[in-house]
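Residues per chain are reported as follows:
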Amino acid sequence: METLEIIRKAIIEGQAKEVEQHVQAALDSGMKATTILYDGLIPAMAEVGRLYEEGEYFVPEMLIAARAMKTGLGLLKPFLVEGNVQPLGKVAIATVQGDLHDIGKNLVSLMLEGAGFEIVDLGVNAEPQKFVDAVQQQQVNVVAMSALLTTTMTRMKDTITALDAAGVRGKVKVIIGGAPITQAYADEIGADGYAPDASQAVNLTKRLLAAS
Amino acid sequence: MMTSKERWLAVLHREKPDRIPMDYWATPEATEKLLRHTGCDCFETMADKLHIDYLVNVEPVYVGPPVANDADTFGCRFVEMDYGHGIYRECVYHPLAQYDSVEAIERSYSWPSPDWYDYRTIPQQIAGKEDHAVRGGGSEPFLIYCRLRGLEQAYMDLAMQPEMVGYCLDKLFDLAYENTRRIYEQIPGRVTFSYIAEDLGSQTSLLFSPETIRTVFFPRMKRMMDLAHEAGVYVFTHSDGSIREIIPDLIALGIDLLNPIQWRCKGMERQALKRDFGEQVIFHGGVDNQVTLAFGTPDDVRREVQDNIDILGQNGGYILAPCHNIQEISPPENIVALYEAGYTYGQSS
Ligand code: B12
């Protein structure tokens, strides 16, 4: 099996140690970090997303695959920075204020990272100002909010209002998701997009950034 | 007229109650609001007014080693998180997160013992409440495991460290088993049912693979269910979300009631559930708490109650209740509509 295929397979199977070993070996043999990223890590995570969507993978399998991917990404990072490789975009993501459901948020964040985006993870229970700060201080171009509760989904609107008030709404695309969220709700509160799952969140983000 | 308890039992025995029993689940904040709205000064008065067939919950009193206010008996620690109109408790310290093997846990961690609880007050807890069904005992260990390890680690453990999950779940199930046995022993024949639960579903699919669920969770849950059945206690199983694929397994394990029937979740359409499983299991819940109760009008709620009674309640086998704790955002008008419609419409069917 060729190296990249081994790396992809190890990520899909969630074998972090193997990923580490083979990514290191690939780097040592002179393979470019961007090649490992674009032909190894990214397609592997796309496949993981597909397996999840098709009902073959569940949350635990997704999490360990993502962890394996991150191990590899950690090794590539210094080279990507050195080579000034630009991420597809920078996404500030969090579960909104009052809400601590973060499984979905983490899967979205991992899939975005695995697709080549840079992630600013603001954690759970994030108040509107936290998103505003991230936009002002860290030059993010996408704000991604997750909410699983009827009591907290209204915070998404508050965040959009806060971005507006800070005069930065125009600088970012706002995407939302989580169990009770719908496209209709996104339209109602003036978000730029909604996606029902993590793989579709990746497509959505790419589409929005391409259009802007 | 039947008492609340007779009504519950009629459904459990597959007989016809005088009307469909109605249960109540809500956060303290939602209940507060409803009390104000109905002008009642305590839960019981309000429950009687709305014809809620509430349960009496029994549990032992903790008498073990001292536990800090922000902690629980397992050593987990919590903070209160403000969502604007109330608080949720969040676990922020996970006492088993630091260990990477069963041996390490065995060396350093001591599990709570059933002896840390006093069961003698249980008979008093049901005194004077003869008209109500009683809930006691039961288990939901993976929920505790997630707090002990941290949620993400706990989920990954299922795939990577099955021995650790197995070891801890056995400890937690043993505790629940003994706790439940001692509760039954205090009031023989008086416990109506035990919650033997585990959240296995998300909005669109199972959270874990069916193999994981079948090997890790079900055999252990079965032991709890057998204990309940031997004591003449009904098994109430709760699992949120899309769980249709494993309902046949749950029925084979011996569950009596299934909650919450989140019918807006994928694969949980009411007609099909009733058609395929209605003879083998009693449905509990069904009033949507993500859209209808929270954002609908009282008319929407009434319509949904009627639909539920028509579909889930056809030929009996249904207890009307919200799909989870009613949250503070749901207008009290909607909650009143739920119980008024259930009371009126539940008589005729
Ligand atoms: C696991 C769980 C919990 C865990 C959460 C642990 C954690 N760290 O996340 C615990 C036990 C702690 C918990 C607590 C509570 N929960 Co809860 N929980 C669930 C459950 C069973 C599964 C949620 C989940 O993780 N799904 C798996 C993930 C992968 O799916 P997901 O989150 O939907 O995410 C996917 C998509 O939505 C999308 N997505 C998600 N975020 C984003 C963001 C963007 C930008 C995009 C594009 C896409 C996207 O992609 C994800 C991956 O495909 C749901 C049931 C359900 N129907 O969803 C109830 C549920 C959400 N909980 C519920 C409730 C009521 C609560 C509590 C309020 C209970 C209470 N005290 O009354 C507390 C609140 C705690 C708090 N402050 O948040 C209710 C909410 C109902 C309502 N009216 O809002 C639900 C729906 C259960 C029910 N029967 O009604 N819960």
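Below is a short write-up of the structure. (Residues numbered from 1 in each chain as written. Chains lettered and ligands numbered in written order. Predicted model: local features only at pLDDT ≥ 70, side-chain atom pairs only at ≥ 80, totals over all residues. Heavy atoms only, no water.)

## Let's talk about the overall build of chain B
In terms of helices and strands, chain B carries 14 helices and 11 strands. Computed over its C-alpha atoms, the radius of gyration of chain B comes to 20 Å, within 12% of the 20 Å expected for a compact globule of 349 residues. C-alpha extents for chain B along the principal axes are approximately 60 × 45 × 40 Å. When the 349 residues of chain B are sorted by exposure, 58% land in the buried category. Split by element, the accessible area of chain B, about 14600 Å² in all, is 49% carbon and sulfur. In chain B, which carries 32 positive and 52 negative side-chain charges, the distance between the mean positions of the two groups comes to 2 Å. (Helix = DSSP H or I, 4+ residues; strand = E, 2+ residues; numbered from the N terminus. Rg over C-alpha atoms; globule rule 2.2 N^0.38 Å. Buried < 20%, exposed > 50% of the residue type's maximum accessible area, 1.4 Å probe, protein only. Areas by Shrake-Rupley, 256 points an atom, 1.4 Å probe, with all protein chains shown as cover. Lys, Arg positive; Asp, Glu negative; His and termini not counted. Charge placed at Lys NZ, Arg CZ, Asp CG, Glu CD.)

## Describing the packing of helix α2 (residues 16-28) of chain A against helix α4 (residues 59-82) of chain A
Each packed pair of helices is defined by two parameters, the angle between the axes and the distance between the axes. All names here are of chain A. The N-to-C vectors of α2 and α4 enclose an angle of 25°; their axes lie 7 Å apart at closest approach. One finds that α2 runs roughly parallel with respect to α4. The two elements α2 and α4 cross, and the hand of that crossing is right-handed. Seen from α2, the contacting residues are Ala16, Val19, Glu20, Val23, Gln24 and Leu27; seen from α4, they are Arg67, Ala68, Thr71, Gly72, Leu75, Leu76 and Phe79. Considering only residue class, the contact of α2 with α4 consists of eight nonpolar, three polar and two charged. (Axes fitted to C-alpha atoms, helices over the stretch in contact; angles between N-to-C directions. Parallel < 35°, antiparallel > 145°, perpendicular 65-115°, else oblique. Left-handed = near helix turned anticlockwise from the far one by under 90°. Contact = heavy atoms within 4.5 Å. Nonpolar A, V, L, I, M, F, W, Y, C, P; charged D, E, K, R; others polar.)

## Some points on the sheet that holds strand β7 (residues 193-196) of chain B
Residues and elements named next belong to chain B. Pairing within the open sheet is parallel, and its seven strands lie in the order β1-β6-β7-β8-β9-β10-β11. Lying at the two open borders of the sheet, with one neighbouring strand each, are β1 (56-58) and β11 (318-322). Direction aside, the axes of adjacent strands within the sheet are offset by 30° on average. One ladder, built from three bridges, connects β1 with strand β6 (residues 134-139); its direction is parallel. From the neighbouring strand, Asn57 faces β6, where its bridge partner is Arg135. (Pairing = 2+ DSSP bridges.)

## Side note on the sheet that holds strand β2 (residues 118-121) of chain A
Residues and elements named next belong to chain A. Judged by pairing direction, the sheet is parallel, and its five strands sit side by side in the order β2-β1-β3-β4-β5 without closing on themselves. Two strands lie at the open edges of the sheet, namely β2 and β5 (193-194), each paired on one side alone. As paired elements, strand β1 (residues 90-95) and β2 share four bridges and run parallel to each other. Residue pairing for β2: Val91 is matched across the bridge by Ile119. Contacts between helix α7 (residues 154-165) and the sheet are confined to β3 (142-146) and β4 (173-177), with β3 contributing the most and set at about 160° to the helix. Contacts from helix α9 (residues 198-211) reach β1, β3, β4 and β5 within the one sheet, and its direction differs from that of β4 by about 160°.

## Here's the deal with a nonpolar patch on the surface
A cluster of nonpolar residues, Val79(B), Val92(B) and Tyr93(B), forms a patch on the protein surface that exposes about 240 Å² of accessible area. For Val79(B), the location among the structural elements is in strand β3 (residues 77-82). (Patch = residues over 30% accessible without salt bridge, like charges linked within 9 Å, V, L, I, M, F, W, Y side chains within 5 Å. Salt bridge = Lys/Arg side-chain N within 4 Å of Asp/Glu carboxyl O.)

## A look at the interface of chain B and chain A
Each partner contributes residues to the interface: chain B has 27 residues there, and chain A has 25 residues. Overall, the association of chain B and chain A removes approximately 2200 Å² of surface from exposure, summing both partners, and the carbon and sulfur fraction of that is 71%. Among the elements that make up the side of chain B that touches chain A, the one with the highest residue count is helix α7 (residues 151-160) of chain B (seven residues). Within the side of chain B that touches chain A, the residues separate by chemical class into 16 nonpolar, six polar and five charged. (Buried area = accessible area lost by both parts, 1.4 Å probe.)

## Re the pattern of salt bridges
Residues and elements named next belong to chain B. One pass over the structure, following the stated rule, counts 27 salt bridges over all chains. Notably, a salt bridge pairs Asp157 with Arg149, separated by 2.7 Å at the nearest N-O pair. For the pair shown, Asp157 and Arg149 are each scored as buried. Arg302 is the partner of Asp299 in a salt bridge, and the nearest nitrogen-oxygen pair spans 3.2 Å.

## Considering the layout of surface pockets
All names here are of chain A. Its volume calculated, the second largest pocket comes out at about 390 Å³. As for the second largest pocket, its lining consists of 18 residues, of which Lys77, Leu80, Val85, Pro87 and Glu118 are closest to the centre. Elements with a minimum of two residues in the lining of the second largest pocket: α3 (33-53), α4 and β2. Looking at side-chain class alone, the lining of the second largest pocket contains 12 nonpolar, three polar and three charged residues. Counting the residues that make up the lining of the second largest pocket, at least three belong to each of domain 1 (3-82) and domain 2 (90-211). (1 Å grid on protein atoms, 1.4 Å probe; cavity = no way out; pocket = protein on both sides within 12 Å on 5 of 7 lines; lining within 4 Å. Points joined across faces, edges and corners; volume = space filled by probe spheres on them. Domains from an automatic or database assignment.)

So, to be careful, I would describe these as geometric facts and stop short of saying anything about function.
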